[in-house]
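Residue-level listing of the chains:
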Amino acid sequence: MLRSLLQLLILALSYGALALGGVPGLRMNRATIALVSAALLIALGAIDLPTAWQAIDPQTIVFLLSMMIVNAYLGLSGFFQIAMVTVVRFSSSPLGLLVFLTVATGILSAVFLNDTLALVTTPLTLRITHVLGLNPVPYLLAIAGATNIGSVATLSGNPQNILVGSFSHLGYLPFAQVMVPVAVLGLGLQVIWLWWLYPGVRSRQPCTLVTLQPAKVQKGLLHKTLLVSGLMFLAFLLGFPLAESSLLAAAALLVTRRLKPERVLAQVDWSLLVLFAGLFILTRCIQNFDLLAVLRPWVNQPLPLVLITALLSNLISNVPTVLLLAQFIPKGADQLWYLLAATSTLAGNLTLFGAVANLITVEAAASSGHRFSFWQHLRFGAPLTVLTLAIAYVWIVSQT
């Protein structure tokens, strides 16, 4: 009895700490919280080590790791810098810059992992707005929002979609056919909302031409990376397994004379992989205790699923939410899987802490001396989240 109470206490404290993003007084992040919690639960007999290992979904881990490696090569070859510099050259006014940043970030986030885009675009946006004398806040909000909204379009856009793809066995192309309209409408709505909130971005008067340093490009590596990435996405569209296709692409890129492997592997977010592994184990423990049985009848209904997912995504983050709720959704219930993916992603715009991309943008901006508050983000994110979730719900229910 005492052991069971201790196990339940650790689970409760684990998700509380995950919600906070750390442990007061200790230098722990979400990855170490998940790993330490899993170790304690194994030590207390809530789950044995072989079962814990089996709880980690290999397809999800392989897909995520492989996409990180592909992203690393794209970044090191100069692809993302080229894309964003090209966007700026086509932006002739404050409004044009807002539109181009939103669209470009959304498209790139749909194809590649959204967190990478937040890291790449934030410093460039700060530099551009400084040179042009523009308020950086609406443009930073545009990046943060677009990385979330754009990434909803594909199974490779963000970690929670990768999870949904692994559990549901939805095809890459069918998923995109349903979700791309949600992303397009959401990005358009975001531009309109920022136009309304910030009068300074409404100007169509041409700005002073910005002189940007040319992107550092390794042409040979860039050509190879684009070719391999193109073949990988072709494999996705043709219905080949996502994990195996991305792993083969990553392997092809790792065979190179141009870059030391340490530079590439340093770009991999190992903390995120550790977080996923720990969360898989915590989720299996929750299943063993059947702690969320009360949610079962609600999660199998579209509207309650959306409300529960949106709430949990902002309490404990979207990846743990998907892991917890996926156990209740049958593999053939495509409509529910689409709603889970869309809601866990779009709900990330609700608060500053709702998505990793938001935090990356804020931290990168703060390091350059630009800060915007929780309330500034909430004024932007709360209405946008409600409207995009409504669009996603109506569209997905009508199409599936």
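Worth saying up front: this structure is predicted, and the values here are computed from it rather than measured. (Residues numbered from 1 in each chain as written. Predicted model: local features only at pLDDT ≥ 70, side-chain atom pairs only at ≥ 80, totals over all residues. Heavy atoms only, no water.)

**Looking at the overall build of the protein**
- A tally of regular secondary structure across the protein gives 20 helices and zero strands.
- Taking 400 residues into account, the globule formula puts the C-alpha radius of gyration at 21 Å, and the protein, at 21 Å, falls close to it.
- Judged by the C-alpha coordinates and their principal axes, the protein covers about 70 × 50 × 50 Å.
- Considering the protein as a whole, with its 400 residues, one finds that 54% of them fall into the buried category.
- Taking the contacts inside the protein whose residues are at least 6 apart along the sequence as the reference set, 81% of them involve residues at least 24 apart.
- Here the protein displays about 17900 Å² of accessible surface, and carbon together with sulfur accounts for 68% of that area.
- The protein carries 19 positive and 9 negative side-chain charges, and their two centres are separated by 16 Å. (Helix = DSSP H or I, 4+ residues; strand = E, 2+ residues; numbered from the N terminus. Rg over C-alpha atoms; globule rule 2.2 N^0.38 Å. Buried < 20%, exposed > 50% of the residue type's maximum accessible area, 1.4 Å probe, protein only. Contact = heavy atoms within 4.5 Å. Areas by Shrake-Rupley, 256 points an atom, 1.4 Å probe, with all protein chains shown as cover. Lys, Arg positive; Asp, Glu negative; His and termini not counted. Charge placed at Lys NZ, Arg CZ, Asp CG, Glu CD.)

**Digging into the side chain of Asn-161**
- Along the chain, the position of Asn-161 falls in helix H9 (residues 159-168).
- Polar contacts involving the side chain of Asn-161 include one to the main-chain carbonyl oxygen of Ser-151, which spans 3.2 Å.
- At 2.8 Å, the side chain of Asn-161 and the backbone oxygen of Thr-154 are in polar contact.
- The contacts of Asn-161, once residues within four sequence positions are left out, are Ser-151, Val-152, Thr-154, Leu-155, Phe-175, Ala-341 and Thr-345. (Polar contact = N/O pair within 3.5 Å; in protein donor to acceptor, adjacent residues only side chain to side chain.)

**Structural notes on unusual backbone geometry**
- Residues other than glycine seldom take positive phi values, yet His-169 does so here, at roughly 60°.
- Its place among the elements puts His-169 in the loop between H9 and helix H10 (172-197).
- Its relative accessible area of 53% is what places His-169 among the exposed residues.

**A few points about helix H20 (residues 374-399)**
- Helix length check: H20, at 26 residues, gives a terminal C-alpha distance of 36 Å against a target of 38 Å (1.5 Å per residue), a fit within 8%.
- Largest kink in H20: about 25°, centred on Gly-381, with the proline Pro-383 one to four residues after it.
- Restricting attention to buried positions, one finds in H20 the residues His-377, Phe-380, Gly-381, Leu-384, Thr-385, Thr-388, Leu-389, Ala-392 and Ile-396. (Expected span 1.5 Å × (residues − 1). Bend = angle between axes of the 7 residues up to and from the residue.)

**Structural notes on the packing of helix H8 (residues 136-151) against H20**
- At a closest axis distance of 11 Å, the pairing of H8 and H20 adopts a crossing angle of 35°. As for how H8 packs across H20, the hand of that crossing is right-handed. Contacts between H8 and H20 involve Val-137, Leu-141, Gly-145 and Ile-149 from the first element and Gln-376, His-377, Phe-380, Leu-384 and Thr-388 from the second.
- Across the contact of H8 with H20, the residue classes break down as five nonpolar, four polar and no charged. (Axes fitted to C-alpha atoms, helices over the stretch in contact; angles between N-to-C directions. Left-handed = near helix turned anticlockwise from the far one by under 90°. Nonpolar A, V, L, I, M, F, W, Y, C, P; charged D, E, K, R; others polar.)

**Some details on the environment of Gly-171**
- Counting through the fold element by element, Gly-171 comes out in the loop between H9 and H10.
- Judged by relative accessible area, Gly-171 falls into the partly exposed class, the value being 30%.

**As for helix H1 (residues 2-20)**
- Here H1 is 19 residues long and its end C-alpha atoms lie 27 Å apart, about the 27 Å a rise of 1.5 Å per residue gives.
- Looking at H1, one finds that the buried residues are Gln-7, Ile-10, Leu-11, Ser-14, Tyr-15, Ala-17 and Leu-18. Buried residues of H1 fall within an arc of 160° about the axis and therefore sit on the same side. Those residues of H1 that are exposed and aimed more than 90 degrees away from the buried face are Leu-2, Ala-12, Leu-13 and Leu-20.
- Looking at the buried residues of H1, the elements they touch are helix H2 (30-43), helix H14 (270-289), helix H16 (302-316) and helix H17 (318-326).
- Count one or two residues on from H1 and you reach Gly-21, which has phi positive near 85°. (Arc of directions from axis to C-beta.)

**Considering a nonpolar patch on the surface**
- Among the surface-exposed residues, Leu-227, Leu-231, Leu-234, Leu-238 and Phe-240 lie close enough to one another that they form a single nonpolar patch of about 530 Å² accessible area.
- Looking at the element boundaries, Leu-234 is found in helix H11 (residues 219-237).
- Leu-234 sits in the partly exposed class, given a relative accessible area of 42%. (Patch = residues over 30% accessible without salt bridge, like charges linked within 9 Å, V, L, I, M, F, W, Y side chains within 5 Å. Salt bridge = Lys/Arg side-chain N within 4 Å of Asp/Glu carboxyl O.)

**Here's the deal with the side chain of Thr-102**
- Following the sequence through the fold, Thr-102 ends up in helix H6 (residues 94-111).
- Residue Thr-102 is classed as buried on the basis of its relative accessible area, which comes to 0%.
- Those residues in contact with Thr-102, other than ones at most four positions away along the chain, are Ala-142, Ala-146, Leu-187, Gln-190 and Val-191.

**Brief notes about the packing of aromatic side chains**
- For the coordinates displayed, the defined rule picks out six aromatic pairs.
- Geometrically, the ring pair formed by Phe-167 and Phe-280 is edge-to-face, given 6.3 Å between the ring centres and 85° between the ring planes. Placement of Phe-167 in helix H9 and of Phe-280 in helix H14 is noted, with a sequence separation of 113 residues between them. In terms of burial, Phe-167 and Phe-280 fall into one category: buried.
- Seen in terms of ring centroids, Tyr-172 and Phe-233 are 6.3 Å apart; in terms of plane orientation they differ by 55°. Their pairing is tilted. Placement of the pair is Tyr-172 in helix H10 and Phe-233 in helix H11, with a sequence separation of 61 residues.
- The exposure class of Phe-233 is buried, given its relative accessible area of 13%.
- Ring pairing ties together the aromatic residues Phe-63, Tyr-172, Phe-233 and Phe-236, which thus form one cluster.
- If you follow Arg-202 out to its NZ or CZ, it ends over the ring of Trp-195, 4.5 Å from the centre.
- The ring of Tyr-198 carries the charged tip of Arg-379 above its face, separated from the ring centre by 5.4 Å. (Phe/Tyr/Trp six-rings, centres within 6.5 Å; stacked < 30°, edge-to-face > 60°. Lys NZ or Arg CZ within 6 Å of the ring centre and 35° of its normal.)

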